[in-house]
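Report on the structure
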Amino acid sequence: MFLEQGIKPENRFWKYLLGSVFIIAASFIGQIPLSAAVLYKCFAENKPFPTTNEGVMKMFESNMTLFLVMISFVFAFAGIYFVVKYIHHQTLLSITTSRAKVDWKRIWFSFFLWAFFSGISFLFVYLRSPENFVFNFNLIPFLILILIASILIPIQTSTEEYVFRGYLMQGFANLSYNRWFPLLMTSIIFGSMHIFNPEVAKMGNIIMIYYIGTGLFLGIITLMDEGIELALGFHAANNLVGALLVTSDWTVFQTNSVFIDRSEPSAGLDVILPVVIIYPILLFIFSRKYGWNNWKEKLSGNINKSGNHVKFNS
């Protein structure tokens, strides 16, 4: 079982706190290239240092910005590997899946399924209000974007999944010895990590329903499937399709995407719809394909201290 792979007497919760600090530190080290580039440009062009994140994001051409920002996730992923191997004495596979090896078919199925849903959703919105979109396709910048995004965005999304649905989920399991607490805590923390995104400033705190709901969805498919493969595929598709297909001036990244969304953002049905309708549909598809059962036990059952699964008593 996936969570049980991290249940060891020596895996005290303070080790997960220490490991988290190490991963964050690795991420900060990975931000040095961006900081150095900003300092160099400010010095070379005699400009004041930007005081906001938005100012930093607008200093460089969007492909360069994406590259510099994504580098920090390469360092963070290396930090995860170090922490898992040398602090917890586990393998990376042990926080990936309960299977003997990573199931790439699961990753690709989830990736293409969500890419399809995302494409259909965009098509619906575009046909409803085409005046809100500007065709932005420019071959050379777009090809460069594909190269950067297809390599670094999966590293970024995988890093987040390994931290939240892998490392921390097993960490909270070591603290609580049940399955509902890791699911709840990682979902809340994952959602809260997005609170400083410009989307929140534009649309209000109601969008946190989407972020926390997405974290909850990813946690559910991890627990039900006993591994993070489906979450890896979904998250990669979500960010990659977004970066390539459509961007706007109020989102985290502005890329050389095919379209630019010029509409004024508002938190409405588009925030609630994925959480209450689309995600349940995806859960149904996954459950039918992979034969999920014992939902109550897998999402709220107890784990004894030896790492063996204890059935939930209804």
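Here the residue index of a chain counts from 1 through its sequence in written order. Thresholds applied to this predicted model are a pLDDT of at least 70 for local features of residues and 80 or more for the giving and counting of side-chain atom pairs; totals over whole chains, interfaces and linings are not thresholded and use all residues. Hydrogens and waters are ignored; side-chain quantities use all the structure's heavy atoms.

What about the nonpolar core?
Our working definition: The nonpolar core is taken to be a set of buried Ala, Val, Leu, Ile, Met, Phe, Trp, Tyr and Cys residues, with the residues joined through side-chain atoms within 4.5 Å. For every residue, the accessible area (1.4 Å probe, protein chains only) is compared with the maximum for its type, and the residue is labelled buried under 20%, exposed over 50%, or partly exposed between those bounds. Helix and strand definitions follow DSSP, with helices as H or I runs of at least four residues and strands as E runs of at least two, each counted in order from the N terminus. What makes two residues a contact is simply this: any of their non-hydrogen atoms within 4.5 Å.
Within the largest apolar cluster, 65 residues are counted, with the highest numbers of intra-cluster contacts made by Trp114, Tyr167, Phe217, Ile221, Leu282, Phe286 and Trp292. Elements with a contribution of two residues or more to this core: α1 (13-30), α4 (62-87), α5 (104-128), α6 (139-176), α7 (180-192), α9 (208-225), α10 (229-245) and α11 (269-290). Here this core gets 14 residues from one element, more than from any other, and that element is α6. In this view, Leu282 contacts Leu113, Trp114, Phe117, Phe217 and Phe234; residues no more than four positions away in its chain are not counted. Val38, Met59, Leu68 and Val69 belong to the second-largest nonpolar core, a separate cluster that totals 10 residues.

Re the packing of α6 against α10
Our working definition: The angle between two axes is taken between their N-to-C directions and runs from 0 to 180 degrees, where each axis is a line fitted to C-alpha atoms and a helix contributes only its stretch in contact. Handedness of a helix crossing follows the sense of rotation of the near helix relative to the far helix, less than a right angle counterclockwise being left-handed and clockwise being right-handed. In this count, Pro and Cys sit with the nonpolar residues alongside Ala, Val, Leu, Ile, Met, Phe, Trp and Tyr, while Asp, Glu, Lys and Arg are called charged and the others, Gly among them, polar.
As a packed pair, α6 and α10 sit with axes 9 Å apart at the nearest point and diverge in direction by 145 degrees. In the crossing of α6 with α10, the sense of the turn from one axis to the other is right-handed. Touching Phe142, Leu145, Ile146, Ala149, Ser150, Ile153, Gln156, Thr157, Ser158, Glu160, Glu161 and Tyr162 of α6 are Ala231, Leu232, His235, Ala236, Asn239, Leu240, Ala243 and Leu244, all from α10. Partitioning the contact of α6 with α10 into residue classes produces 12 nonpolar, 6 polar and 2 charged.

Things to note about the pattern of salt bridges
In a structure, side chains of opposite charge can pair up when their charged atoms sit close to one another. Quick reminder of the rule: Salt-bridge detection follows one rule: a side-chain nitrogen of Lys or Arg within 4 Å of a carboxyl oxygen of Asp or Glu.
Throughout the structure, instances matching the rule amount to 8 salt bridges. The salt bridge partner of Glu4 is Arg179, with a shortest N-O separation of 3.4 Å. Of the two residues, Glu4 sits in the segment before α1 while Arg179 sits in the loop between α6 and α7, which places them 175 residues apart along the sequence. We classify Glu4 as buried; its relative accessible area is 8%. With a shortest N-O distance of 2.8 Å, Glu229 and Arg99 are connected by a salt bridge. Placement of the pair is Glu229 in helix α10 and Arg99 in the loop between α4 and α5, with a sequence separation of 130 residues. By relative accessible area, which is 23% here, Arg99 ends up partly exposed.

Some details on the confidence of the model for the protein
We apply this condition: pLDDT: the predictor's confidence for each residue, scored from 0 to 100.
Per-residue confidence for the protein averages 92 on the pLDDT scale, and 96% of its residues sit at or above 70. Counted against residues more than four places away or in other chains, residues 309-314, with its pLDDT under 50, gives 16 contacts.

Quick word on unusual backbone geometry
The backbone of Tyr177 sits at a positive phi, close to 55 degrees, despite the residue not being glycine. Tracing the backbone through its elements, the reader meets Tyr177 in the loop between α6 and α7. Looking at Tyr177, the relative accessible area reads 24%, which means it is partly exposed. Its identity as a non-glycine residue notwithstanding, Glu226 has a phi of 55 degrees, on the positive side. Relative to the assigned elements, Glu226 resides in the loop between α9 and α10. On the basis of relative accessibility, which here comes to 7%, the residue Glu226 falls in the buried class.

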